[in-house]
Amino acid sequence: MAEDLVLDTAIRDWVLIPLSVVMVLIGVLRYFVSMLMRSTQTPDAKIVKEGQVILRARNLRTGANFVPSKAFRARKIYFCNEENGLLFVPKGQVQNPQAQMFSDPNMAMDMMKKNLSMIIPQTLTFAWVNFFFSGFVAAKIPFPLTQRFRSMLQNGIDLSTVDVSYVSSRSWYFLNLFGLRGLFSLILGEENAVDDTQRMMQMGGFGFDPSKGLSAEKDNIDITQHDWALPNLEQRAEAVLRNVINQ
Amino acid sequence: MAVHSDSASSGKKSSNGLNELLTFNAENMQSNMKIIYYSRTFLSIIGGVVAGILGFTGLKGFVFYLLLMALTSLGLVAKAGFSTHTYFDSWNRVLLDGFLGGLMSFVLFWTFAYDIVHIF
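Residues numbered from 1 in each chain as written. Chains lettered and ligands numbered in written order. Predicted model: local features only at pLDDT ≥ 70, side-chain atom pairs only at ≥ 80, totals over all residues. Heavy atoms only, no water.

S.K.: Would you take a moment to explain the overall build of chain A for this structure?
M.R.: Check the secondary structure of chain A and you find ten helices and two strands. Its helices and strands taken in sequence order, chain A reads α-α-α-α-α-β-α-β-α-α-α-α from the N to the C terminus. Looking at chain A as a whole, 32% of its 247 residues qualify as buried. For chain A, long-range pairs separated by at least 24 residues make up 72% of all intrachain contacts whose partners lie at least 6 apart in sequence. Summing over all exposed atoms, chain A offers an accessible surface of approximately 15800 Å²; the carbon and sulfur share of this is 62%. (Helix = DSSP H or I, 4+ residues; strand = E, 2+ residues; numbered from the N terminus. Buried < 20%, exposed > 50% of the residue type's maximum accessible area, 1.4 Å probe, protein only. Contact = heavy atoms within 4.5 Å. Areas by Shrake-Rupley, 256 points an atom, 1.4 Å probe, with all protein chains shown as cover.)

S.K.: Looking at this structure, how should I read the pattern of salt bridges?
M.R.: Residue and element names in this part refer to chain A. Under the criterion given, the structure shown has one salt bridge over all chains. Among the salt bridges present, the one from Arg 242 reaches Glu 238, with a minimum N-O distance of 2.7 Å. Here Arg 242 and its partner Glu 238 are both found in helix H10 (residues 233-246), four residues apart, which amounts to about one turn of the helix. For Glu 238, a relative accessible area of 39% puts it in the partly exposed group. (Salt bridge = Lys/Arg side-chain N within 4 Å of Asp/Glu carboxyl O.)

S.K.: Explanation requested: the confidence of the model for chain A in the structure shown.
M.R.: In regions of low pLDDT, the predicted coordinates are not meant to be interpreted in detail. Of all residues in chain A, 70% have pLDDT values of 70 or greater, and the mean over the chain is 72. When the elements of chain A are averaged for pLDDT, helix H8 (residues 196-204) of chain A gives the smallest value, 47, and H10 of chain A the largest, 85. (pLDDT = per-residue confidence, 0-100.)

S.K.: Any chance you could explain the UniProt feature "transmembrane region" (unreviewed entry) in chain A here in plain terms?
M.R.: Residue and element names in this part refer to chain A. UniProt feature "transmembrane region" (unreviewed entry): in the numbering of this structure it lies at residues 14-33 and 119-143. Within residues 14-33, the helical portion is 100% and the strand portion 0%, while the C-alpha atoms at the span's ends are 27 Å from each other. End-to-end, the C-alpha atoms of residues 119-143 are 31 Å apart, and along that stretch the chain is 56% helix and 8% strand. (UniProt positions renumbered as here; feature names shortened; annotations may be inferred.)

S.K.: Is there a simple way to explain helix H3 (residues 69-80) of chain A in this structure?
M.R.: What sets the pattern is the α-helix's 3.6 residues per turn: residues three or four places apart point alike. All names here are of chain A. An ideal rise of 1.5 Å per residue puts 16 Å on twelve residues; H3 measures up with 16 Å between its terminal C-alpha atoms. Of all the positions in H3, only Phe 72, Phe 79 and Cys 80 are classed as buried. All buried residues of H3 fall inside an arc of 75° around its axis, so they share one side. Facing away from the buried side of H3 by over 90 degrees, the exposed positions are Lys 70, Arg 73 and Ile 77. (Expected span 1.5 Å × (residues − 1). Arc of directions from axis to C-beta.)

S.K.: What's the story with the packing of helix H2 (residues 45-62) of chain A against H3 of chain A in this structure? I'm lost.
M.R.: When two helices pack together, you describe them by how their axes are tilted relative to each other and by the distance separating the axes. Residues and elements named next belong to chain A. At a closest axis distance of 11 Å, the pairing of H2 and H3 adopts a crossing angle of 150°. One finds that H2 runs roughly antiparallel with respect to H3. Two packed elements cross with a definite hand, and for H2 against H3 that hand is left-handed. The residues of H3 that touch H2, namely those facing Val 53, Arg 56, Ala 57 and Leu 60, are Phe 72, Arg 75, Tyr 78 and Phe 79. (Axes fitted to C-alpha atoms, helices over the stretch in contact; angles between N-to-C directions. Parallel < 35°, antiparallel > 145°, perpendicular 65-115°, else oblique. Left-handed = near helix turned anticlockwise from the far one by under 90°.)

S.K.: What's the story with helix H7 (residues 169-187) of chain A in this structure? I'm lost.
M.R.: Here H7 of chain A spans 25 Å end to end across 19 residues, near enough to the 27 Å set by a 1.5 Å rise per residue. Of all the bends in H7 of chain A, the largest measures some 40° and sits at Leu 180 of chain A. (Bend = angle between axes of the 7 residues up to and from the residue.)

S.K.: For this particular structure, what's the right way to read the packing of aromatic side chains?
M.R.: Where two aromatic rings form a pair, the distance of their centres and the angle of their planes describe that pair. Using the criterion set out here, one finds 13 aromatic pairs over all chains in the structure. Aromatic side chains Trp 128 of chain A and Phe 132 of chain A sit 6.3 Å apart centroid to centroid with 70° between the ring planes, which places their arrangement in the edge-to-face category. Within this pair, Trp 128 of chain A and its partner Phe 132 of chain A are both found in helix H5 (residues 105-132), separated by four residues, close to a single helical turn. Of the residues examined, Phe 132 of chain A reaches a relative accessible area of 49% and is grouped as partly exposed. Ring plane angle 50° and centroid distance 5.3 Å describe the contact between Phe 56 of chain B and Phe 64 of chain B, whose orientation is recorded as tilted. On the accessibility criterion, Phe 56 of chain B (18% relative accessible area) is buried. (Phe/Tyr/Trp six-rings, centres within 6.5 Å; stacked < 30°, edge-to-face > 60°.)

Here it is in structure tokens:
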């Protein structure tokens, strides 16, 4: 039975639009707050050095095929040598940077700030929606869903005969949460459209880069085979030059 | 080798045309990816509003979305001068990249426009 419910215009004026506007504004606000709160840390010299070593090793790996094989092998030994190679970290020292990071008050504060700035607006908005906008039909989604979605989408509405397409405002909130990601990426410029779900995924893998990264990079370089990518270089250069001259 | 560099909707050529080896400039590739993402997102938003205003429901709306994505892919390929391999490293990127991300925005604006125009 698909009777068309007639919904009050006031719902549109006072629920749908304000909720969307509020979510957009909160996203923008969060972006600016995160920019302001980006405290200037003086980075630790040792950590920066290790980061740069990793970068260098990575560049070596990507460009391995463009240097002659002897040069590649020389570099490989420089990095992976057991005694004094750059990437070789004796077992005892591996754990230290990680412990140091967690006990370092500055970094712990930073992590907490990031977490909070992400979780608080979401929780607050959700509580606000639940408090003010529950118990009535808020919107109709234009496509039909199965009955199993009823409990998820219609949690404020206690009639079981209403079509599942008529949803409560909580589901409008979730729809906005996911759908406004694209909008944020357009209006906030490229990398700053980090939405909640992405941040949550980033938080999961927070392993401290240098300590694990060094041995990982070392293994990667050990594995890399050298495949000389520029054979007949002289002939090709000659062909290109001829083309340019003849144009 | 062609001297004037064509650009794919202000993206950059990310590979040189050497016969034996294709190398990709990572930065340019990323910038091209970003452009695909933006065009898809923008078009999904607009498409969502259009679908809502026109009153598509159910399957018709999703078919419209698929049509929109196909149109986007076509546009991108045409802008890249039909030689996608110089700008992207695989077909899948041009065709399928921002698909699911655009879907959520499409559904949101579709619902929004549909409700505003038809229900209220």
